[in-house]
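Observations on chain architecture
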Amino acid sequence: MLPSMLKMKCPNCRKGHMFTNKSIFPLGKLLDMPERCPVCGQKMELEVGFYYGTGYVSYALSVGLFFFNLIWYWGLIGLSYKDNSIFYYLITSVTIVLLLQPWLMRISRVLYLYMFVKYGKGNTMKSEE
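A few points on the structure. (Residues numbered from 1 in each chain as written. Predicted model: local features only at pLDDT ≥ 70, side-chain atom pairs only at ≥ 80, totals over all residues. Heavy atoms only, no water.)

1. Description of the overall build of the protein chain
- Of regular secondary structure, the protein chain possesses three helices and zero strands.
- Walking the protein chain from its N terminus toward its C terminus, one meets helices and strands in the order α-α-α.
- Reported as C-alpha extents along the three principal axes, the dimensions of the protein chain are approximately 75 × 30 × 25 Å.
- Within the protein chain, the proportion of its 129 residues that are buried is 34%.
- Summarising the internal contacts of the protein chain: among those between residues at least 6 apart in sequence, 65% fall at separations of at least 24.
- With an accessible surface of roughly 8800 Å², the protein chain has 65% of that area assigned to carbon and sulfur atoms. (Helix = DSSP H or I, 4+ residues; strand = E, 2+ residues; numbered from the N terminus. Buried < 20%, exposed > 50% of the residue type's maximum accessible area, 1.4 Å probe, protein only. Contact = heavy atoms within 4.5 Å. Areas by Shrake-Rupley, 256 points an atom, 1.4 Å probe, with all protein chains shown as cover.)

This is the structure:
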């Protein structure tokens, strides 16, 4: 499951791509998704406004990234209120989060959809007989 999440594949079949562009560029088309999975027919937007909840997932990932940066920065360089190291940490963390924001937005959609669609039990189209 983890490799298909990182490759941003459909949660139902884990084969179809969730986004129309495999790259995050151009940024204007960053979150463009097909209506259904091209392989299994799984709906990508389960209901109207479904992806508003991804804001919470993106926020949690950003906060987690801040704490991860705090741990490695404190271990490598150290933090002290007596010098400017706390400001260097904040500048480094904000820069990292801003640079990773397009990827965080995409992965938050993937994680949110994976929470609600189970493997092989999603809402697929019936094949015409």
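Still to come is the rest of the account.
2. Details of the packing of aromatic side chains
- The tally for this structure, following the rule as stated, stands at six aromatic pairs.
- Considering the side-chain rings of Tyr112 and Phe116, the 5.1 Å spacing of their centres and the 70 degrees angle between planes classify their relative orientation as edge-to-face. A residue pair is termed a helical-turn pair when its members lie 3 or 4 positions apart in one helix, as Tyr112 and Phe116 do in helix H3 (residues 85-116) at four residues.
- Judged by relative accessible area, Phe116 falls into the partly exposed class, the value being 47%.
- Through successive ring pairs, a cluster of aromatic residues spans Phe50, Tyr51, Tyr112 and Phe116.
- In this structure, Arg14 is placed above the aromatic ring of Tyr119, and the distance from its NZ or CZ to the ring centre is 4.2 Å. (Phe/Tyr/Trp six-rings, centres within 6.5 Å; stacked < 30°, edge-to-face > 60°. Lys NZ or Arg CZ within 6 Å of the ring centre and 35° of its normal.)

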